[in-house]
Amino acid sequence: MAFARSDSGKNPPKMPTAIKLLIAGGFGVGKTTMVGAVSEIRPLRTEETLTDRSVGVDDLSGVEAKATTTVAMDFGRISIGQDFVLYLFGTPGQERFWFVWDELARGALGAVVLADTRRLADCFPSVDYFERRGTPFVVAVNCFEGAPVFDLDEVKLALNLGPDVPIMLCDARRRESGKEVLIELVKHAYGKRPTAAAH
Amino acid sequence: MNTEWNPDEERLLDAPTIRPYVIARGRTEAQDRFDLISLAVTVRPTTGAEIGLDPEHQAIVRLCRRPLSVAEIAAHLDLPAGIVRVLLGDLFDRGFVAVQQPQPEMNVLDERMYKAVLDGLRAL
């Protein structure tokens, strides 16, 4: 084994730093499609389970009840050389799964909010959530065939976005398009980082 | 124990749901220890008959010959992420795996990181 000399994990081999990006938006807006388009692996699915830490006001008595509330999330990865690896998580659509959102958003570099002009209201909860939490985000309008074409300024107005929130058109099926959205997001997050704001 | 058989309780013992919690022996306290994107890598292979290691532990040790996130391990082994955290905690404590935590939020300021990520994305 390559790591034969390591003992008790005290001297671990060099590992990349993991970075989390979120893809949010309403049900059926193309989150998993976008994850799949840019990921180097086929999108995987993981499940989070509602446990003690997330039980606040809900009265869930007994382990049986805890064990039955699971939320599935699709995710992909993009390796950036040897040093970094990006994980893209599609956020669960239902708002009752805020506890998973909180965990996903913790430490996330930023988020893409995917919007569909036919059902613009579906992305309101995501926009509200990231605004409230202070997570840098961009809005990407997924261009579905047959969807009405709006001027991006109109969409921005309808979403009541702050002037500095980037908004763009995209095609979630296309790798190149997804890539451009992610680049825009990372640039935006860079400008929003706390040190940048302080200067 | 002379608890009487209770049909309501019986109904809740749904095998596919309960089994992961048997693997973790009911423990959930390790859940906050690792993030979904904490990376694990095997630093000491198991010899095949390690005391106290379940097949699921062994599967993680085999899987993590290259660094994998908690989320990936969970997806590959078809286990809830919470259970993988518990099992990974066992393996970490016994020195089978090294775990790298993701960059904490306050440190996501590193200019070098943004530059590397942007360059990497552009080169995709």
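Residues numbered from 1 in each chain as written. Chains lettered and ligands numbered in written order. Predicted model: local features only at pLDDT ≥ 70, side-chain atom pairs only at ≥ 80, totals over all residues.

**A look at the overall build of chain B**
Scanning chain B from terminus to terminus reveals six helices and three strands. When the helices and strands of chain B are listed from N to C terminus, the series reads α-α-β-α-β-α-α-β-α. When burial is assessed residue by residue, chain B has 40% of its 124 residues classed as buried. Long-range contacts, defined as pairs at least 24 residues apart, comprise 73% of the intrachain contacts of chain B with a sequence gap of at least 6. (Helix = DSSP H or I, 4+ residues; strand = E, 2+ residues; numbered from the N terminus. Buried ≥ 20, exposed ≤ 12 C-beta atoms within 10 Å, placed from the backbone. Contact = placed C-beta atoms within 7 Å.)

**A short note on the sheet that holds strand β3 (residues 97-100) of chain B**
Residues and elements named next belong to chain B. Strands sit in the order β2-β1-β3 across an open sheet of three strands; the sheet is antiparallel. Here the strands that pair on one side only, and so sit at the sheet edges, are β2 (68-69) and β3. Sheet topology places strand β1 (residues 39-42) next to β2; two bridges connect them, and they run antiparallel. Paired with Leu 39 across the bridge in β2 is Ser 69. On the sheet, helix α5 (residues 81-93) packs against β1 and β3 and is oriented at approximately 115° with respect to β3. (Pairing = 2+ DSSP bridges. Axes fitted to C-alpha atoms, helices over the stretch in contact; angles between N-to-C directions.)

**Quick notes on the nonpolar core**
In terms of nonpolar packing, the biggest core is built from 82 residues, with Leu 21, Val 112, Val 113 and Leu 114 of chain A together with Val 70, Leu 88 and Val 97 of chain B touching the most fellow members. Sort the elements by how many residues they give to this core and α5 of chain B lands first, with eight residues. Once residues within four sequence positions are removed from consideration, Val 112 of chain A is found in contact with Ile 23, Ala 24, Phe 137, Val 138, Ala 140, Val 181 and Leu 185 of chain A. (Core = buried A, V, L, I, M, F, W, Y, C linked by C-beta atoms within 7 Å.)

**Concerning the confidence of the model for chain B**
Residues and elements named next belong to chain B. Mean pLDDT over chain B: 80, with 69% of residues reaching 70 or higher. Taken together, the stretch residues 9-15 has pLDDT below 50 and engages in two contacts with residues farther than four places along the chain or on a different chain. Of the two predicted TM-score estimates for the complex, the pTM is 0.81 and the ipTM is 0.80. (pLDDT = per-residue confidence, 0-100.)

**Considerations on the confidence of the model for chain A**
All names here are of chain A. Looking at chain A as a whole, the pLDDT averages 82, with 79% of positions reaching at least 70. Considering each helix and strand of chain A separately, the mean pLDDT is smallest for helix α2 (residues 63-68), with a value of 44, and largest for strand β6 (residues 137-142), with 97. Counting interchain partners and residues more than four positions distant, the pLDDT-below-50 stretch residues 1-10 has 16 contacts.

**Some thoughts on the sheet that holds strand β5 (residues 110-115) of chain A**
Residue and element names in this part refer to chain A. Ordered by their spatial adjacency, seven strands build an open sheet running β2-β3-β4-β1-β5-β6-β7, and the pairing between neighbours is mixed. At either end of the open sheet lies a strand with only one pairing partner, and these are β2 (44-49) and β7 (167-170). Averaged over all adjacent pairs, the angle separating strand axes in this sheet is 30°, with direction ignored. Two elements, strand β1 (residues 17-25) and strand β4 (residues 84-90), share seven bridges in a ladder whose sense is parallel. Each bridged residue has a counterpart across the sheet, and for Lys 20 the counterpart in β4 is Tyr 87. On top of the sheet, helix α4 (residues 124-133) reaches β1, β5 and β6; it is set at about 160° to β5, its chief contact.

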